[in-house]
Amino acid sequence: MGHFIQKLFFALGGFARWIYFMFLNVVFDRNYEKNIGYYLFEEELQDNSGLDSNKKNFVLGIFVFILIIMAIEYFE
């Protein structure tokens, strides 16, 4: 069950990162990757901050999950 929850957070974080970079592409005319698979299944490359893509997706996924729970509570 823990593996499923971890993958859920990875997917939520990857989806949130994809939405963020699509927003940057549209608003600021940037040239980031447009394929959602890139953010969901990208290689584990480490950047200058020491975080790889899975760690970024996991942390962002937890944050998005908490925001969803807070939104459900607020609009209930």
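Bear in mind the structure is a predicted one, so any value in this text is a computation, not a measurement.

### Observations regarding the packing of aromatic side chains
Applying the stated rule across the entire model yields 9 aromatic pairs. When the centroid spacing of 5.2 Å and the interplanar angle of 65 degrees are considered together, the rings of Tyr20 and Phe21 count as edge-to-face. According to the relative accessible area criterion, Phe21 is buried, its value standing at 17%.

### Regarding the environment of Glu76
Within the fold, Glu76 resides in the segment after helix H3 (53-75). The exposure class assigned to Glu76 is exposed, which follows from its relative accessible area of 75%. On a C-alpha basis, the gap between Glu76 and Gly2 in space is 28 Å, while along the polypeptide they are 74 residues apart.

### Re the packing of helix H1 (residues 2-27) against H3
Packing of H1 against H3 leaves a shortest axis separation of 6 Å and a crossing angle of 90 degrees. When the axis of H1 is compared with that of H3, the two are roughly perpendicular. Note on element contacts: H3 touches H1 through Ser53, Asn54, Lys56, Asn57, Phe58, Leu60, Gly61, Ile62, Val64, Phe65 and Ile68, opposite Gln6, Phe9, Phe10, Leu12, Gly13, Gly14, Ala16 and Arg17. Residues of the contact of H1 with H3, tallied by class, amount to 10 nonpolar, 7 polar and 2 charged.

### With respect to H3
In this model, H3 (23 residues) spans 32 Å end to end at C-alpha, consistent with the 33 Å of a helix rising 1.5 Å per residue. Every buried residue of H3 is accounted for by Ser53, Asn57, Gly61 and Val64. Buried residues belonging to H3 abut H1 and helix H2 (36-41).

### Examining a nonpolar patch on the surface
On the surface, a nonpolar cluster with roughly 860 Å² of combined accessible area is contributed by Leu8, Ile62, Phe63, Phe65, Ile66, Leu67, Ile68, Ile69, Met70 and Ile72. The leading source of residues in the nonpolar patch is H3, at 9 residues. Relative to the elements of secondary structure, Leu8 occurs in helix H1.

The rules behind each value
Residues numbered from 1 in each chain as written. Predicted model: local features only at pLDDT ≥ 70, side-chain atom pairs only at ≥ 80, totals over all residues. Heavy atoms only, no water. Phe/Tyr/Trp six-rings, centres within 6.5 Å; stacked < 30°, edge-to-face > 60°. Buried < 20%, exposed > 50% of the residue type's maximum accessible area, 1.4 Å probe, protein only. Helix = DSSP H or I, 4+ residues; strand = E, 2+ residues; numbered from the N terminus. Axes fitted to C-alpha atoms, helices over the stretch in contact; angles between N-to-C directions. Parallel < 35°, antiparallel > 145°, perpendicular 65-115°, else oblique. Contact = heavy atoms within 4.5 Å. Nonpolar A, V, L, I, M, F, W, Y, C, P; charged D, E, K, R; others polar. Expected span 1.5 Å × (residues − 1). Patch = residues over 30% accessible without salt bridge, like charges linked within 9 Å, V, L, I, M, F, W, Y side chains within 5 Å. Areas by Shrake-Rupley, 256 points an atom, 1.4 Å probe, with all protein chains shown as cover. Salt bridge = Lys/Arg side-chain N within 4 Å of Asp/Glu carboxyl O.

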